[in-house]
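# Notes for the structure review
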Amino acid sequence: MITLNERGADTDPVALADAIRAALQVRADGFARIEADTALWIGLARGCAAGWQDLGALWIDDHHVRMALWDARENCRAIVSLTLKAGAYPSVGLHHAPALRLERAMRDLYGAIPEGIPDERRWLDHGVWPGREHEPGYHFLAVDGNGLHQIPVGPVHAGIIEPGHFRFTANGETVARLEARLGYVHKGVEALAQGAPVEKAARLAARMSGDSTVAYSFAFSHAVEAALGWDVPPRGQILRGVMAELERLSHHVGDVGGICNDAAVAALLARCSLIREDILRTQDALFGHRMMMDAVVPGGVVRDIDASGAAAILALLERIETGFHRVIRAYDQSPSLQNRTHGTGIAEPDFIRQFAAGGFVGRAGGRAFDARRAFAYPPYNAVAFKVPTREESDVDARIWIRIEEIAESAAIIRQLLGRLEDGPIRAAPPPFQPGAGAALVEAFRGDLFVAVRIEDEGRIAHMHARDASWFQWPLLETAIKGNIVADFPLCNKSFNCSYSGVDL
Amino acid sequence: MHILLLDALLKGPATERAPSPDEAAVADLARALGTRARARLGRSLAIREVDAGSCNACELEIHALGNPVYDVERFGLKFVASPRHADVLLVTGAVSWNMREGLERTYAATPDPKWVVAAGDCAAGCGVYSESHACAGAVAKIVPVDLVIPGCPPTPTDLLKGLLALVEGATRSPR
């Protein structure tokens, strides 16, 4: 690695492409590794704020703070490292707000101090961990004004849903501020992965967020394969793509039903949940698990399909398209439903750009980023598909992105099955050696980043995963402002952010 | 919308026949529940779901119980919004320390007689998070558990078998 020359702290924001050119080398996983000094670190943080590149992830590993950055226009990606000095580093959040929660979480877990961070509150540490000093209670941000009242909701919600606390400040029915407090399902994933053999860590990765189990397994496997120089056979790559798109289909269909249900149109939820059940049963029959947990592993996949399996998937796609077409028509022709979704929960396009929000949240607000397209990884480098975008950025737009992506996923699966050639589905591991790898894949809710570092004996020295929801939750808080409390379920469901994937 | 309604009329219900309840669990529950249940509950149970540190896979399958294929409400099993309305707490997850108080308070808010079902391997204490420093472990370490439904995640059929065992166990309990 190359250490860049000292730059003055007052220089302009540093472009990522310049920094990568100075570092010269891009690794096999597509990421350049850059050793930064303080000035470059701050320059890149300010560059994120100026929109020169996107902040992808920020984590602590081995006495370093590391930052993943990318610029889809320049087609460049990097992992920038800065050595902690007395456990501290210059805060990225001071310059670029999307880093705030990441920095708060890392301080709670590793004690790394982001110097100058404008929000000192704890995030994952709720003051109840055994053997930790207890801090006084959590302070929600103050809201001043006449006639305001607060509505506390959760962490145990009224539905069958993950736990989190929402603090609404409302003026009558109109929401003045929403603040979400998460961390309730913090399960210590990074600590559990530390020292674990690759197979055990793969099972952990598959359970980061149950609804993105294929996507997490995919990203983890890619990262491990990059670290070890492990080649995946083409048939394994294609089956991974088929599974990832099936997962996207099942959740997009389920979400459309769920949003309609939150507007009291239960018939569409029933329809969508029937389609979803059809998908899950097909997945169970072909890949041995309704959600395809542990089906994607480093080196390839664990189950093959024969010609009848491929035919079963094609038949499933036809049933989905017929059934879902009727749902779309019903949605499009229900004024009472449209009335609830149009103009509701608008996520500001400026915030979407600033937070580099991915998935249907980003694309509904004009941000066309899709990891499958931007940094085409196998098997997406071999298929043609569209990345739908909208400008309205409301609940309706987020529904329509899902609807359009369902058609694209079906088209991708058909192309992939058409390219399925005979051959092995998994390769044996190469000799284990120390190494590091990272991967960025597209889960159903957005881009998903995983970085791993592997030690001599093939054990995980460190694993970090960053869900798309880290950069979507804050936007939900902004999108509800000015809406009525009763529209929160619609806004929330149209975002469908992960709790488990963020709390980790 | 009218096409969907017509479709439903012509094709008939999508609902499948019920699985038989897990007989071993029924016998265990009948013993465990004693006389508490029969008089108070009849054949209907109100369930409050609590995620105490799951990865959300269990929640997705519990959700599926409500779809027209499993149609859980036909058995008198109903998911309710508040522990104040519940007979049963259906708990998932490895009970993160951050959710322990939430689970305890939900349990305390549930009126007697009440039952706790631990759903999924994490709740049973054998999931991938069971050794985590951030988790208390099995649900049974925090609140008394009457029935465990293992699986990662348990399928809707597993869940239905377990919950039907609970209804059967409650109604077959000895005087």
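Throughout what follows, the structure given in this document is the object of discussion.

Reading guide: rules and limits
Residues numbered from 1 in each chain as written. Chains lettered and ligands numbered in written order. Predicted model: local features only at pLDDT ≥ 70, side-chain atom pairs only at ≥ 80, totals over all residues. Heavy atoms only, no water. Helix = DSSP H or I, 4+ residues; strand = E, 2+ residues; numbered from the N terminus. Rg over C-alpha atoms; globule rule 2.2 N^0.38 Å. Buried < 20%, exposed > 50% of the residue type's maximum accessible area, 1.4 Å probe, protein only. Contact = heavy atoms within 4.5 Å. Areas by Shrake-Rupley, 256 points an atom, 1.4 Å probe, with all protein chains shown as cover. Pairing = 2+ DSSP bridges. Axes fitted to C-alpha atoms, helices over the stretch in contact; angles between N-to-C directions. Core = buried A, V, L, I, M, F, W, Y, C linked by side-chain atoms within 4.5 Å. Patch = residues over 30% accessible without salt bridge, like charges linked within 9 Å, V, L, I, M, F, W, Y side chains within 5 Å. Salt bridge = Lys/Arg side-chain N within 4 Å of Asp/Glu carboxyl O. Polar contact = N/O pair within 3.5 Å; in protein donor to acceptor, adjacent residues only side chain to side chain. Expected span 1.5 Å × (residues − 1).

### What about the overall build of chain A?
- Along the backbone of chain A there are 17 helices and 14 strands.
- In terms of overall size, chain A behaves like a compact globule, its C-alpha atoms giving a radius of gyration of 22 Å where 504 residues would be expected to give roughly 23 Å.
- Dimensions of chain A, computed from the C-alpha atoms along their principal axes, are close to 70 × 60 × 45 Å.
- By the burial criterion, 63% of the 504 residues in chain A qualify as buried.
- Taking contacts inside chain A between residues at least 6 apart in sequence as the whole, the part at least 24 apart equals 68%.
- As presented, chain A carries roughly 17800 Å² of accessible surface, and 51% of it is formed by carbon and sulfur atoms.

### Details of the side chain of D503 of chain A
- Within the secondary structure, D503 of chain A sits in helix α17 (residues 500-503).
- In contact with D503 of chain A, other than residues within four places in its own chain, are L124, L182, G183, Y184, V185 and H186 of chain A.

### Details of the sheet that holds strand β7 (residues 148-153) of chain A
All names here are of chain A.
- In spatial order, the strands read β7-β8-β9; together these 3 strands make up an open sheet with antiparallel pairing. Of all strands in the sheet, those with a lone pairing partner are β7 and β9 (174-181), marking the two edges. Here the average twist between neighbouring strands, direction ignored, is 20°.
- Relative to strand β8 (residues 165-171), β7 runs antiparallel, the two being bridged by 6 bridges. From the neighbouring strand, H149 faces β8, where its bridge partner is A170.

### A word on the nonpolar core
- One finds F220, F324 and F449 of chain A to be the most contacted residues of the largest nonpolar core, which totals 173 residues.
- Considering every element that reaches this core, the biggest residue donor is helix α14 (residues 395-418) of chain A, with 12 residues.
- If near-sequence neighbours (up to four positions away) are discounted, F449 of chain A is found in contact with F31, A57, W59, A68, W70, I79, A438, A439, L440, H464, A465 and R466 of chain A.
- Y70, L147, L163 and L166 of chain B belong to the second largest nonpolar core, which has 26 residues in total.

### Things to note about a nonpolar patch on the surface
Residue and element names in this part refer to chain B.
- Among the surface-exposed residues, L6, L9 and L10 lie close enough to one another that they form a single nonpolar patch of about 380 Å² accessible area.
- For L10, the position within the fold is in helix α1 (residues 2-11).
- The exposed category is assigned to L10, whose relative accessible area is 70%.

### Observations concerning the side chain of D119 of chain A
All names here are of chain A.
- Topologically, D119 is positioned in the loop between β6 (113-115) and β7.
- Side chain to side chain, D119 and R121 meet in a polar contact 2.9 Å long.
- The residues contacting D119, other than those within four sequence positions of it, are L100 and R104.

### Brief notes about helix α6 (residues 213-228) of chain A
Residue and element names in this part refer to chain A.
- Along its 16 residues, α6 runs 22 Å from first to last C-alpha, staying within 8% of the 22 Å computed at 1.5 Å per residue.
- Most of α6 is tucked away: 15 of the 16 residues are buried.
- Directly beyond the C-terminal end of α6, a positive phi value near 70° is found at G229.

### A short note on unusual backbone geometry
- Of note, the amide linkage connecting D112 of chain B to P113 of chain B takes the cis form, showing an omega dihedral of -10°.
- Counting through the fold element by element, P113 of chain B comes out in the loop between α5 (97-109) and β4 (115-119).
- Cis geometry is adopted by the peptide bond preceding P153 of chain B, which originates at C152 of chain B and carries an omega value of -15°.
- One can find P153 of chain B in the loop between β5 (147-149) and α7 (156-171).
- In this model, A86 of chain A sits at a positive phi of 50°, which is unusual for a non-glycine residue.
- Given the relative accessible area of 84%, A86 of chain A is considered exposed.
- A positive phi angle is found at N496 of chain A, which is not glycine, with a value near 45°.
- Relative to the helices and strands, N496 of chain A resides in the loop between α16 (488-495) and α17.

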